[in-house]
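# Working through the structure, step by step
Each chain, letter by letter, is given below.
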Amino acid sequence: MNLNGSIALFQYWNRLRAGRPAPRRTEVEPADIKALLADTFILEKDTRGEAVFRLAGTRLCATHGRELKGFSFPSLWREKDQRLVSRLIHGVFDQRSVVLITYEGISRSGRPCKFELLALPLDGGVEHPRCLGIVSVAERPFWLGSDPIVDALIESIRIVDPDKEMAALASRTAITPPSLAPTDLDRRDGLGPLGRGRKVRHLVVLEGGREEE
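Residues numbered from 1 in each chain as written. Predicted model: local features only at pLDDT ≥ 70, side-chain atom pairs only at ≥ 80, totals over all residues. Heavy atoms only, no water.

## Structural notes on the overall build of the chain
Across its full length, the chain holds 4 helices and 8 strands. Mapped in sequence order, the helices and strands of the chain form the string α-β-β-α-α-β-β-β-β-α-β-β. Counting over 213 residues, the chain shows a buried share of 52%. Sequence-distant contacts, at least 24 apart, represent 65% of the contacts inside the chain between residues at least 6 apart. Here the chain has roughly 10300 Å² of accessible surface; of this, 50% comes from carbon and sulfur atoms. (Helix = DSSP H or I, 4+ residues; strand = E, 2+ residues; numbered from the N terminus. Buried < 20%, exposed > 50% of the residue type's maximum accessible area, 1.4 Å probe, protein only. Contact = heavy atoms within 4.5 Å. Areas by Shrake-Rupley, 256 points an atom, 1.4 Å probe, with all protein chains shown as cover.)

## A few points about the pattern of salt bridges
Pairs can form between side chains of opposite charge once their charged atoms are near each other. Throughout the structure, instances matching the rule amount to 15 salt bridges. Notably, a salt bridge pairs Glu44 with Arg54, separated by 2.8 Å at the nearest N-O pair. Highlighted residues: Glu44 in strand β1 (residues 40–45) and Arg54 in strand β2 (residues 51–56), separated in sequence by 10 residues. Between Asp94 and Lys45 there is a salt bridge whose closest N-O contact spans 3.0 Å. Of this pair, Asp94 sits in helix α3 (residues 79–95) while Lys45 is found in strand β1, placing the two residues 49 residues apart along the sequence. On the basis of relative accessible area, Asp94 is assigned to the partly exposed category, the value being 48%. The exposure class assigned to Lys45 is partly exposed, which follows from its relative accessible area of 30%. Each of Arg20, Arg24 and Glu27 takes part in a single network of salt bridges with overlapping partners. (Salt bridge = Lys/Arg side-chain N within 4 Å of Asp/Glu carboxyl O.)

## Concerning the environment of Ala35
Tracing the sequence through the fold places Ala35 in the loop between α1 (4–17) and β1. In this structure Ala35 comes out as buried when scored by relative accessible area, which is 12%. Along the backbone, Ala35 and Gly5 are 30 residues apart, and their C-alpha atoms lie at a distance of 9.1 Å.

## Observations regarding the packing of aromatic side chains
In the structure shown here, the tally under the stated rule is 7 aromatic pairs. Between Tyr103 and Phe115, the ring centres sit 5.2 Å apart and the planes meet at 15°, which makes this aromatic pair stacked. Taken together, the residues span a long stretch of sequence, with Tyr103 in strand β3 (residues 98–107) and Phe115 in strand β4 (residues 112–122) at a distance of 12 residues. Each member of the pair, Tyr103 together with Phe115, is buried. Each residue in the set Phe41, Phe53, Phe73, Trp77, Tyr103 and Phe115 is aromatic and connected to the rest through ring pairs, giving one cluster. One Lys or Arg, Arg66, reaches over the ring of Phe71 and ends 4.3 Å from the middle of that ring. (Phe/Tyr/Trp six-rings, centres within 6.5 Å; stacked < 30°, edge-to-face > 60°. Lys NZ or Arg CZ within 6 Å of the ring centre and 35° of its normal.)

## Thoughts on α3
The first and last C-alpha atoms of α3 sit 24 Å apart over 17 residues, in line with the 24 Å expected at 1.5 Å per residue. Taken together, the buried positions of α3 are Asp81, Leu84, Val85, Leu88, Ile89, His90, Gly91, Val92 and Phe93. Following α3 by one or two positions, Arg96 adopts a phi angle in the positive range, close to 60°. (Expected span 1.5 Å × (residues − 1).)

## What about the layout of surface pockets?
Considered as a void within the structure, the largest pocket measures approximately 300 Å³ in volume. What lines the largest pocket is a set of 15 residues, among which Val28, Pro30, Ile42, Leu55 and Leu132 lie closest to the centre. Listed by contribution, the elements that provide at least two residues to the lining of the largest pocket are β1, β2 and β5 (130–137). In the lining of the largest pocket, the residues fall into 10 nonpolar, 2 polar and 3 charged. (1 Å grid on protein atoms, 1.4 Å probe; cavity = no way out; pocket = protein on both sides within 12 Å on 5 of 7 lines; lining within 4 Å. Points joined across faces, edges and corners; volume = space filled by probe spheres on them. Nonpolar A, V, L, I, M, F, W, Y, C, P; charged D, E, K, R; others polar.)

## Things to note about the packing of α1 against helix α4 (residues 162–169)
The interhelical angle for the contact between α1 and α4, taken along N-to-C directions, is 125°, at an axis separation of 11 Å. Of the possible angle classes, the one that applies to α1 and α4 is oblique. Taken as a pair, α1 and α4 cross one another with a handedness that is left-handed. Side by side, α1 and α4 meet where Ile7, Phe10, Gln11, Trp13, Asn14 and Arg17 of the first sit next to Pro162, Asp163, Glu165, Met166 and Leu169 of the second. A per-class count over the contact of α1 with α4 returns 6 nonpolar, 2 polar and 3 charged. (Axes fitted to C-alpha atoms, helices over the stretch in contact; angles between N-to-C directions. Parallel < 35°, antiparallel > 145°, perpendicular 65-115°, else oblique. Left-handed = near helix turned anticlockwise from the far one by under 90°.)

Structure follows, in structure tokens:
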């Protein structure tokens, strides 16, 4: 977890859960993470059981050139990755997994941009599982927001152990949502390697996480 947005939202979520697998969705106060809202999203299951956007921040919508509410979350990804993305998000819904994805987005005119996505479980009850997440950009190019991202290719995935991640972050400078301005969310140290990993097809599976096919 390298980017400010991911770190800040993870720390906030971890404080809310207070040792539980996930905080209740009613415990999330938008005012507490107002500096992050433009890049955050909430997913829910639709009547078919598919993960769809319930809410999406303004900057995230601008990145994709459309309002995302009601759209399928896996549909944002390259076709060969959609099944994997669906499985990962259902792991967040059903198993309370914390998922970190790094990926390359491709714009309509073919320009690439690196992103980090963090997906966190929310307890909405058995009938109403939710996922809280954020998409952070490694380096914000001048064209992002005017040349929409229309394709996304996964580079690495990691299933995060929240307790181990907090221990790892403890050695870094603390970052809290109130201290963040929108421009601070653009990068921490850049989207570098998340750790040593191994290749599985076109993905990199990070050591310490569970392998996803």
